[in-house]
Amino acid sequence: MGIDRARVTIFDTTLRDGEQSPGCSMNQQEKLRLAQQLDRLGVDVIEAGFPIASDGDFESVKAIAETVRRPIIAGLARACRPDIERAWEALQHAARPRIHVFLATSDIHLQYKLRITRDQCVAQAREAILLAKSLCDDVEFSPEDATRTDPDFLCRVLDAVVEAGATTLNIPDTVGYTVPSEFGELIAMIRRCVKGIEKVTISAHCHNDLGLAVANALAAVSAGARQVECTINGIGERAGNASLEEIVMAMRVRPDRYRYETGVESQQLFASSQMLSEITGVPVQPNKAITGRNAFAHEAGIHQDGVLKNPLTYEIMTPKSVGVPDSKLVLGKHSGRHALSIRCEQLGYTFDRRALDDMYRRFVRLADKIKHVEDHHLLELIRDTHKPTMSATPLIEPVVDATQAAVVSAPPMDATTMATDTDPFGVPLPVQSESHHEQTQQEDYLWGV
Ligand code: KIV
Ligand code: ZN
């Protein structure tokens, strides 16, 4: 019997909020290419841009609306006629258009930025939604800076826009100020207090200034939000938005805690992340969850040993499930004999235990000097261990008892043809490791280190 899971709408704003992050602007062709990838990824809504912002943005939104037909295509507009009409002009040929109207509601924004009163704010929000609704059935409203807005006033604005026809209420934590428990309570309060709330979808839009964007978005979902706004690689204003890949995989890996499903094809996550990075030239941080190059890399010997025996020891999801080609063993000073022997085997060399111990001692000394031991280093090490008198490289120190090391089975050695470059992630793990090394428990421990 399948588990009943509520569906959460994934609203991708990589092309709008994401594009607002420094160094991430994209031209029309690039935006269209990424929108097509977002379509393959299976997001429900693509916020394609802010049409009034520039002619380029207008043309990009229009091109995406006319080309990408499955998802809803949204365009952003401030709560005023020129913005809303321009957004509609760009969106009108979309198969499923949405106008997304925003207006700040916190006193700090009303007083210093907009210079309007609360009453004027309510009236402006209502009129903007009525106008948007006269053009398009699907209208989203965002009270900007909602998490620093007086809750009673927030409900007053939300009552007005629901009455005017908004179909999605998006609650932005514009400045990344809230924390999960508080944001969950805010969503619950909105569900309790806003009139007509049962007719609309509640959405969460979280920024990452305190590193809590994903946690806040998940708290909102647990409290009843059914749309999350997020970006690939978490790009966005300042510290960024909630990362799409992290939200989706949290729900997929922990269905016991998050009984929700999305339409995202998780195997497309890595390709989407790579495409964005390639287009913007902004690299993904190596330790980025899900899509960073270290997300499935293992360097510590104990971890490598565990992963070789069973990936479940140190991996909570398979690399394949997010489209990463394979787990990686990175050979460095924390690596153990097990990973070293596997890599030697992959390069065509099998050592008995004694020879491996000797290799391992040399390997650790080398790894202390250089950060990553690549295949060509390893091949030199193998050659040097096998023929100690020929040791030529200043990097590798011969050991006194090297002559006792024995290569059990070695193919003809040709360091130049064998020295294939290690891929950028390190060394691929074999599908199954059948160790030929018999060990006692004590040796088994050493095997891991
Ligand atoms: O962060 C924010 O408040 C926004 C709104 C326009 C939704 O991006
Ligand atoms: Zn935002």
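Quick note: structure is the one above.
Note that the structure is predicted; figures quoted are calculated from it, not measured.

(A) The arrangement of the site of ligand 1 in detail. All residues in the neighbourhood of ligand 1 are listed as R16, D17, H100, F102, S142, E144, N170, P172, T174, H205 and H207. Residue D17 places a side-chain N or O atom 3.0 Å away from an oxygen atom belonging to ligand 1. Between ligand 1 and H207, the relevant distance is 3.0 Å, taken from an oxygen atom to a side-chain nitrogen or oxygen of the residue. Computed on the free molecule, ligand 1 has an accessible area of 260 Å², of which 93% lies beneath the protein chains in the complex. Its residues placed into classes, the shell around ligand 1 shows 2 nonpolar, 6 polar and 3 charged.

(B) Looking closely at the packing of aromatic side chains. Following the criterion strictly, the structure yields 2 aromatic pairs and no others. With centroids separated by 6.3 Å and ring planes inclined at 65 degrees, the aromatic side chains of F50 and F102 adopt a geometry described as edge-to-face. One end of the pair, F50, is in the loop between β3 (45-49) and α2 (55-67); the other, F102, is in strand β5 (residues 97-104), and 52 residues separate them in sequence. Like F50, the residue F102 is buried in the burial classification.

(C) How the structure looks around the sheet that holds strand β7 (residues 168-173). One closed barrel holds the 8 strands; their spatial order is β2-β3-β4-β5-β6-β7-β8-β9, and the pairing between them is parallel. On average, adjacent strands in this sheet sit at an angle of 25 degrees to one another, irrespective of strand direction. In terms of strand pairing, β3 meets strand β4 (residues 72-78) through 4 bridges, oriented parallel. Directly across from I46, in β4, lies its bridge partner I73. Lying over the sheet, helix α3 (residues 81-91) contacts β4 and β5, oriented at roughly 160 degrees with respect to β4. Of the strands in this sheet, β5 and β6 (139-144) are in contact with helix α4 (residues 107-114), which crosses β5 at around 85 degrees.

(D) How the structure looks around the pairing of β7. Taking burial as the measure, the 6 residues of β7 include 6 buried ones, the bulk of the element. The side-chain alternation of β7 yields two buried faces, one formed by T168, N170 and P172 and the other by L169, I171 and D173. In the sheet, β6 pairs with β7 via 2 bridges, with the strands oriented parallel. By the bridge assignment for β7, F141 is matched with L169. One crossover worth recording links β6 to the parallel β7 by way of helix α6 (residues 151-164), and it is right-handed. Where β7 and strand β8 (residues 201-206) come together, 6 bridges link them in parallel fashion. Counterpart to N170 in the pairing with β8 is S203. Considered for its hand, the β-α-β crossover made up of β7, helix α7 (residues 180-193) and β8 is right-handed.

(E) Layout of the coordination of the zinc ion (ligand 2). Those protein atoms acting as donors to the zinc ion (ligand 2) are D17 (OD), H205 (NE2) and H207 (NE2), and they sit at 2.0 to 2.1 Å. Donor residues for the zinc ion (ligand 2) sit on one chain with the sequence pattern D-x187-H-x1-H. Here the residue D17 occupies a position in the loop between β2 (9-12) and α1 (28-41), and H205 occupies one in strand β8, the gap between them amounting to 188 residues. In this pair, the class of D17 matches that of H205, namely buried.

(F) Quick peek at the state of the cysteines. As enumerated under the stated definition, the model contains 0 disulfides in all. C193 carries a free sulfur, and the closest cysteine sulfur to it, the one in C155, is 4.9 Å from it.

(G) Focus on the packing of helix α8 (residues 213-222) against helix α9 (residues 244-253). In the contact formed by α8 and α9, the axes pass within 10 Å of each other and the chain directions differ by 50 degrees. Comparing the axis directions of α8 and α9 gives the class oblique. Between α8 and α9 lies a crossing whose hand is right-handed. Along the contact surface, α8 presents V214, A217, L218 and V221, while α9 presents E246, I247, A250 and M251.

(H) Here's a closer look at the pairing of β2. As defined by bridge partners, β2 adjoins strand β9 (residues 227-230) across 4 bridges and the pair is classed as parallel. Among the inter-strand pairings, T9 is bridged to a residue of β9, identified as Q227. In this fold, β2 hands off to α1, which returns the chain to β3; that crossover is right-handed.

(I) Region of the structure containing the pattern of salt bridges. According to the stated counting rule, one finds 32 salt bridges in the structure shown. D150 is the partner of R118 in a salt bridge, and the nearest nitrogen-oxygen pair spans 3.3 Å. Placement of R118 in helix α5 (residues 118-135) and of D150 in the loop between β6 and α6 is noted, with a sequence separation of 32 residues between them. Where R361 meets D358, a salt bridge forms, and the shortest distance between an N and an O atom there is 3.8 Å. Residue R361 and its partner D358 are located together in helix α13 (residues 353-369), separated by 3 residues, close to a single helical turn. Shared partners join several salt bridges into a network, and the residues in it are D358, R361, R362 and D384.

What counts, and at which threshold
Starting from 1, residues in each chain are numbered consecutively following that chain's sequence as written. Following the order in which they are written, the chains are lettered starting with A and the ligands numbered starting with 1. Given that this is a predicted model, residues contribute local features only at a pLDDT of at least 70 and side-chain atom pairs are listed and counted only at 80 or more, while totals for whole chains, interfaces and linings are drawn from all residues. Side-chain measures here rest on the full set of heavy atoms in the structure, leaving out hydrogens and waters. One heavy atom within 4 Å of a molecule or strand is enough for the residue carrying it to be called near that molecule or strand. Counted as a polar contact is a pair of N or O atoms within 3.5 Å, where, for protein atoms, one must be capable of donating a hydrogen and the other of accepting one, and residues adjacent in sequence contribute only when both atoms are in side chains. Values of accessible area rely on a 1.4 Å probe in the Shrake-Rupley scheme; residue burial ignores everything except the protein chains shown. Under the scheme applied here, ten amino acids are nonpolar (Ala, Val, Leu, Ile, Met, Phe, Trp, Tyr, Cys and Pro), four are charged (Asp, Glu, Lys and Arg), and all others, including Gly, are polar. Aromatic contacts are taken between Phe, Tyr and Trp rings whose centres are within 6.5 Å, Trp giving its six-membered ring; a plane angle under 30 degrees counts as stacked, one over 60 as edge-to-face, and the others as tilted. Numbering of helices and strands runs from the N terminus, with a helix taken as a DSSP run of H or I at least four residues long and a strand as a DSSP run of E at least two residues long. For every residue, the accessible area (1.4 Å probe, protein chains only) is compared with the maximum for its type, and the residue is labelled buried under 20%, exposed over 50%, or partly exposed between those bounds. Two strands qualify as a pair provided DSSP detects at least 2 bridges between them. Axis definition: a line fit to C-alpha positions, over the contact stretch in the case of helices; interaxial angles, taken between N-to-C directions, run 0 to 180 degrees. Contacts were defined at the residue level, with two residues in contact if any of their heavy atoms lie within 4.5 Å. Viewed with both strands pointing away, a crossover whose connecting path from the first strand over the helix to the second turns clockwise is right-handed. Note that water is not among the atoms used; donors are N, O and S atoms within 2.8 Å of the metal (3.2 Å for Na, K and Ca), so sites may look incomplete. The disulfide criterion used throughout: a pair of cysteine sulfur atoms within 2.5 Å. Put simply, angles under 35 degrees are roughly parallel, angles over 145 are roughly antiparallel, angles from 65 to 115 are roughly perpendicular, and the rest are oblique. For a crossing to be left-handed, the near helix must be turned anticlockwise from the far one by less than a right angle; the clockwise case is right-handed. A carboxyl oxygen of Asp or Glu within 4 Å of a side-chain nitrogen of Lys or Arg is what we treat as a salt bridge.

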